[in-house]
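# Descriptive structure summary
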Amino acid sequence: LPAGLSQWFPALEVLDVSGTGLAEMGAELLSLPCLHTLLAKNNRLGGPGSLPKGLGQAPLARSLRVLNLSGNRFAEVPPALLQLRGLRSLSLGGNRLHSIPPDIQELRSLEFLYLGGNFITSIPPELAKLPSLKYLVLCDNKIQSIPPQLAQLHSLRSLSLHNNLLTYLPREILNLVHLEELSLRGNPLVVRFVRDLTYNPPSLQELAGRTIKTRNVPYAPSDLPETLVRYLSLASNCPNPKCGGVYFDSCVRQIKFVDFCGKYRLPLMHYLCSPECSSPFSSASQSSTSQSSTSQSESDSEDEASVAAHRMQKVLLG
Amino acid sequence: FRYTRNLVDSGNGKFNLMILCWGEGHGSSIHDHTDSHCFMKILQGNLKETLFEWPEKKGNGEMTRKSERVLRENQCAYINDSIGLHRVENISHTETAVSLHLYSPPFDTCNTFDQRTGHKHKVTMTFYSQYGERTVC
């Protein structure tokens, strides 16, 4: 960037240096107090010095709203970027990212996040802590699973997941009430019912933990070692509405298909606390004694799932 | 949040002329053209067109890809139902794309196809804007 930029153009609001071969952006950026949009796509940024030191303390950290760094050579999200607290729109599409840093949650004002066309293999659950995120693009990556916590993105309206390595989705995805668009094509989504995946019987620690939780056995931090107190806080509730149990590490994973508005059948992963728990969902269970109760609970869960599925208006499987 | 269809002219009912604006990564579903002629010209950026065979009557397998090509600025393409089905996408993660489409006769419903199974579903197509005015639905 030319030296003296901020002296010549102190009121600069939009700076577009895309397609200029830029390899680093230096201190010239730091003294532009009015800059709200910085477009630097298709350059040679990605190495050290791509972003100036001291970015977090500069006026830019609060004024910058839109940052486009797509088509560069970033192999990781530069930590300095996470100090841009006012950022509403961030694009790092078409770079060389292999992961998303958990500290992405620092970008509290983020509404638009484009990370398509990278080499990302997993999504950190911390991404779900972005309260204003409306538009999330993760297409054309190497993502194998979606963390169920992503369902906490209450503002999410559009989620782009096409061309990844997903075989199923977490059932919690049905909780994204405002989601209007979901793209899933080009994923190896399972199309047939998948038999129960390997179930490791619970350890004694797990069984003790379950008992404490389901029977509400009182305990205080002084009663237990800190590791066990933390362990007990990680209990997950069994989604089977007829169960009410909890599980820690040992759970049955089962894929259940949900019809979206009669159009597409999506495989959703259910975590249940035991194989007995899963039998109401399994279409293969044919116990004659529990025939009526099986179909009752199966239709209950089908109803709950299809109501949620109807909320998603435009599922783009293509 | 997805590509927009903007009607420019309806030629006294004989055709629909529209401009499609594609954001980075935006793509269409696989669709047919309801017995109409469809001409497409790239005004800006690039669009990838993937041609598919019509699925078998009671098809229940992955749809067959015939060919694919990237259409550059100013290039034109044509398709109708006897040629096959297609998916159009902006595969760029850095550039937007704009295309001009002419459909004759005009149509407002078509079928979209699930690539994994060949199942089709009739949809009504809507406009983001008409003659420069935002269409509210």
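The structure displayed is predicted, hence computed values, not measured ones. (Residues numbered from 1 in each chain as written. Chains lettered and ligands numbered in written order. Predicted model: local features only at pLDDT ≥ 70, side-chain atom pairs only at ≥ 80, totals over all residues. Heavy atoms only, no water.)

All names here are of chain B. What UniProt calls "binding site: Fe cation" (unreviewed entry) maps, in this numbering, to His-31, His-33 and His-86. Taken along the chain, the residues just named run across 56 residues; in space they keep tight, none of their C-alpha pairs more than 9.4 Å apart. The exposure class assigned to His-31 is buried, which follows from its relative accessible area of 13%. Apart from residues lying up to four places away in sequence, His-31 is in contact with Leu-85, His-86, Cys-110, Asn-111, Thr-112 and Phe-113. Examined against the element boundaries, His-86 turns out to sit in strand S8 (residues 85–89). In this structure His-86 touches Ser-29, Ile-30, His-31, His-33, Glu-49, Thr-50, Leu-51, Phe-52 and Ile-79, once residues within four positions along its chain are discounted. (UniProt positions renumbered as here; feature names shortened; annotations may be inferred. Buried < 20%, exposed > 50% of the residue type's maximum accessible area, 1.4 Å probe, protein only. Contact = heavy atoms within 4.5 Å. Helix = DSSP H or I, 4+ residues; strand = E, 2+ residues; numbered from the N terminus.)

Turning our attention to the interface of chain B and chain A. Facing 21 residues of chain B, the contacting portion of chain A comprises 28 residues. Here chain B meets chain A over a buried area of about 1,900 Å², counting both sides, of which 50% is carbon and sulfur. Its largest share of buried area at the contact with chain A, chain B owes to Phe1(B), His93(B) and Arg116(B), together 42% of the area lost on that side. Joining chain B to chain A, the criterion identifies two salt bridges. For the salt bridge of Arg185(A) with Glu89(B), the shortest nitrogen-to-oxygen distance reads 2.9 Å. On the surface where chain B and chain A come into contact, there are 11 residue pairs in polar contact (both at pLDDT 80 or more). Elements with a contribution of two residues or more to the side of chain B that touches chain A: S8 and strand S10 (109–113) of chain B. Classifying every residue of the side of chain B that touches chain A by side-chain character gives three nonpolar, 11 polar and seven charged. (Buried area = accessible area lost by both parts, 1.4 Å probe. Salt bridge = Lys/Arg side-chain N within 4 Å of Asp/Glu carboxyl O. Polar contact = N/O pair within 3.5 Å; in protein donor to acceptor, adjacent residues only side chain to side chain. Nonpolar A, V, L, I, M, F, W, Y, C, P; charged D, E, K, R; others polar.)

For the rest of this paragraph, the subject is the domain arrangement of chain A. Taken domain by domain, chain A comprises domain 1 (5–196) and domain 2 (204–232). Computed from C-alpha coordinates alone, the two centres of domain 1 of chain A and domain 2 of chain A are separated by 39 Å. (Domains from an automatic or database assignment.)

Moving on, we come to the environment of Ile19(B). All names here are of chain B. Secondary-structure assignment places Ile-19 in strand S2 (residues 16–22). With a relative accessible area of 25%, Ile-19 lands in the partly exposed category. Sequence separation between Ile-19 and Gly-61 is 42 residues, and the spatial gap between their C-alpha atoms is 34 Å. Non-local contacts of Ile-19, meaning those with residues more than four positions away in its chain, are made with Thr-4, Arg-5, Asn-6, Val-8, Leu-43, Val-98, Ser-99 and Leu-100.

It is worth spelling out the confidence of the model for chain B at this point. Residue and element names in this part refer to chain B. The pLDDT averaged across chain B works out to 93; a share of 98% of its residues lies at or above 70. The least confident element of chain B, judged by mean pLDDT, is strand S11 (residues 120–124) at 86; the most confident is strand S4 (residues 37–44) at 98. The ipTM for the predicted assembly is 0.92, set against a pTM of 0.79. (pLDDT = per-residue confidence, 0-100.)

Now for the pattern of salt bridges. All names here are of chain A. The final tally for this structure, using the stated rule, is 12 salt bridges over all chains. When the shortest N-O distance is used, the salt bridge between Glu-106 and Arg-85 registers 2.8 Å. Remark: Arg-85 occurs in the loop between strand S3 (66–68) and strand S4 (89–91) and Glu-106 occurs in the loop between S4 and strand S5 (112–114); sequence separation between them is 21 residues. You can call Arg-85 partly exposed: its relative accessible area is 45%. With its nearest N and O atoms 2.9 Å apart, the salt bridge here joins Glu-226 to Arg-230.

Any aromatic ring pair is given by two values, namely how distant the centres are and how the planes are angled relative to each other. Residues and elements named next belong to chain B. Per the counting criterion, the structure on display carries six aromatic pairs over all chains. Between Trp-54 and Phe-113 the ring centres are 5.7 Å apart and the planes differ by 90 degrees, which places this aromatic pair in the edge-to-face class. Placement of the pair is Trp-54 in the loop between strand S5 (47–52) and strand S6 (65–71) and Phe-113 in strand S10, with a sequence separation of 59 residues. Above the ring of Tyr-128, the side-chain terminus of Arg-134 is found at 3.7 Å from the ring centroid. (Phe/Tyr/Trp six-rings, centres within 6.5 Å; stacked < 30°, edge-to-face > 60°. Lys NZ or Arg CZ within 6 Å of the ring centre and 35° of its normal.)

All names here are of chain B. If you walk across this open sheet you meet the seven strands as S7-S4-S9-S2-S1-S12-S13, and the pairing is mixed. Edge positions in the open sheet fall to strand S7 (76–79) and strand S13 (133–134), since each of these has one partner strand only. Looking at chain direction, strand S1 (residues 4–9) and strand S12 (residues 129–130) are connected through two bridges and run parallel. The partner of Leu-7 across the bridge, within S12, is Gln-130. (Pairing = 2+ DSSP bridges.)

Before going further, it helps to examine unusual backbone geometry. Residues and elements named next belong to chain B. Cis rather than trans, the peptide bond between Ser-104 and Pro-105 has omega equal to -10 degrees. Assignment of secondary structure puts Pro-105 in the loop between strand S9 (97–104) and S10. Residues other than glycine seldom take positive phi values, yet Asn-12 does so here, at roughly 55 degrees. Despite not being glycine, Tyr-131 shows a phi value in the positive range, around 55 degrees. You can see Tyr-131 is positioned in the loop between S12 and S13.

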